[in-house]
Amino acid sequence: MTGTTCTADDLLRTVVDLRPTLLAEQAATERRTRYAPELHERFRAAGLYRVLQPRRFGGLELDLPTFVRLQREMARGCPSTAWSWALATSHAMQLGSYLPESAQQRIFAGGDVRCASSASGEVRAVRTDGGWRLDGTVRYCSGIGYSTHFMGQAFADGDPERPLVFVAPRSAWTVLDDWGDALGLRGSGSNGIVLAGAVIPADQVVEGAGLVSVDVAGGTPGLELHGNPLYAGRALAPFTVSLAALAVGAGLGALDEFGRLMRSRGTAVPPVRPRIDDPDFQRWYGTALSRLAVADAVVLRCAEEHTELSARGAAGGKPYGEHDELRLTVVAREAIVAAWEAVGGLVPVVGSSALRAGERFERAWRDLSTIAGHRNTGFREPMYRRLAQVELGLPAG
């Protein structure tokens, strides 16, 4: 098996086999603020960065449901590592979808591609001869430490009415030392970057669109180039589904630790007995397991539906539109909140020693709380209203 011939099952086995290493590395990952270079090399050798990259350029060109499963299993071992890896890997879908062949050939050359992305910040783009000059600071670029490229959004001449999406190579930015003191995901490598006079070719820019608002109704350059609906979909839905998969994995990791403590510790009140034999602990475990199982099923179904919507549009049917994506993202956010609440329900009964700094359960709870506080999850309430407006034919407002 090599990084270009492995199957989805091969990759899943690789990630599950790595779980003991991911667990053992958690504390060091947080101190370093990103996963170890040795893990990076193992990911690269296994083909884990190539999951969604086009086969035409040496990628595996698998599908979003496969990627969801991989994220879940990696986050079960270390949410920080999974977050960083996933958000530098997933954007291959957008690179392979929205850019013309000339840009894709340049970016994917050699097959060693990782692309962080963030919309947190302001970047000004000025047209130059044959390209664009970029200036600005962007925060929360998860996975940037190992990225070869960065995908962001900017405003032409600073005009908010003229958005564009750009892809810049590693030489175009400087990484800031501004990550590691968040409540959770401290090892996710979510540093900021500075673009100062960086010039990129014109074909690495998509004008008239934001990171999550590229219109795919008329097809995409990637669909024409690769013939695969994987490269014909919208961006916000798979991003939200990705965050949800990571939340479910983090929740399962916390539940794994809760189960381990059930087997190794006793109850605090009479009749004192192993927690594993206590009906209340059994009920608490079963409740969390059930909620996480529902969240997991929701995430996988959202990934499958995104795939179906992309295929429908690619085949000439009803285009994959904003309404479809709105509904998917609303549903996927419920899985994020469900995972967070499932673990939160265990906090009062897991025991204070499991909540000490550096304990596996404590870290998973911190990571999940940070995921639940992500900007995307913050859209939950206003998107309820927007979904109702669309469904009922009401004006936005």
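These notes cover the structure that comes with them. Model, not experiment: these values are computed from the prediction.

**So, the pattern of salt bridges**
All chains considered together, the criterion is met by 29 salt bridges. For Arg-139, the salt bridge goes to Asp-178, with nearest N and O atoms at 2.9 Å. Pair noted here: Arg-139 is in strand 3 (residues 131–139) and Asp-178 is in the loop between strand 6 (173–175) and strand 7 (193–201), with a separation of 39 residues, a long-range link. The partly exposed category is assigned to Arg-139, whose relative accessible area is 38%.

**Notes on the environment of Pro-54**
Here Pro-54 lies in the loop between helix 3 (37–46) and helix 4 (64–77). Expressed as a C-alpha distance, the spacing of Pro-54 and Met-93, which sit 39 residues apart in the sequence, is 8.3 Å. Among all residues touching Pro-54, those that are not within four sequence positions of it are Gly-59, Glu-61, Gly-96, Gln-104, Phe-108, His-226 and Tyr-231.

**A word on the packing of aromatic side chains**
The final tally for this structure, using the stated rule, is 10 aromatic pairs. An angle of 75° between the planes, with centres 6.2 Å apart, marks the rings of Phe-43 and Tyr-49 as edge-to-face. A relative accessible area of 4% means that Tyr-49 is categorised as buried. Grouped by ring-pair contacts, the aromatic residues Tyr-35, Phe-43, Tyr-49 and Tyr-146 constitute a single cluster. Looking at Arg-34, its charged tip hangs above the ring of Tyr-146, at a distance of 4.7 Å from the centre. The ring of Tyr-49 carries the charged tip of Arg-114 above its face, separated from the ring centre by 5.0 Å.

**As for helix 13 (residues 360–372)**
The end-to-end C-alpha separation of helix 13 is 18 Å, in line with the 18 Å expected for 13 residues at 1.5 Å each. Here helix 13 lies mainly inside the structure; 11 of its 13 residues are buried. Buried within helix 13 we find Arg-360, Phe-361, Glu-362, Arg-363, Ala-364, Arg-366, Asp-367, Leu-368, Ser-369, Ile-371 and Ala-372.

**A few points about the side chain of Ser-188**
Position of Ser-188 among the secondary structure elements: in the loop between strand 6 and strand 7. Since its relative accessible area comes to 0%, Ser-188 is described here as buried. Of the polar contacts made by the side chain of Ser-188, one reaches the backbone oxygen of Leu-185; its length is 2.8 Å. Only 2.7 Å separates the side chain of Ser-188 from the side chain of Ser-190, close enough to count as a polar contact. When sequence neighbours within four positions are dropped, the list of residues in contact with Ser-188 reads Thr-33, Ser-80, Trp-83, Ser-84, Ser-142, Gly-143 and Trp-179.

**Points about the side chain of Glu-61**
Structurally, the position occupied by Glu-61 is in the loop between helix 3 and helix 4. You can call Glu-61 buried: its relative accessible area is 10%. One polar contact links Glu-61 to Asn-228, side chain to side chain, over a distance of 2.9 Å.

**Topic: the nonpolar core**
Within the largest apolar cluster, 93 residues are counted, with the highest numbers of intra-cluster contacts made by Phe-43, Leu-48, Trp-85, Leu-95 and Phe-361. Not counting chain neighbours up to four residues away, the residues in contact with Trp-85 comprise Tyr-35, Phe-43, Leu-48, Tyr-49, Phe-67, Leu-70, Gln-71 and Met-74. In terms of nonpolar packing, the next biggest core, distinct from the first, is built from 21 residues, Val-123, Phe-150, Ala-156 and Trp-173 among them.

Rules behind the numbers
- Residues numbered from 1 in each chain as written.
- Predicted model: local features only at pLDDT ≥ 70, side-chain atom pairs only at ≥ 80, totals over all residues.
- Heavy atoms only, no water.
- Salt bridge = Lys/Arg side-chain N within 4 Å of Asp/Glu carboxyl O.
- Helix = DSSP H or I, 4+ residues; strand = E, 2+ residues; numbered from the N terminus.
- Buried < 20%, exposed > 50% of the residue type's maximum accessible area, 1.4 Å probe, protein only.
- Contact = heavy atoms within 4.5 Å.
- Phe/Tyr/Trp six-rings, centres within 6.5 Å; stacked < 30°, edge-to-face > 60°.
- Lys NZ or Arg CZ within 6 Å of the ring centre and 35° of its normal.
- Expected span 1.5 Å × (residues − 1).
- Polar contact = N/O pair within 3.5 Å; in protein donor to acceptor, adjacent residues only side chain to side chain.
- Core = buried A, V, L, I, M, F, W, Y, C linked by side-chain atoms within 4.5 Å.

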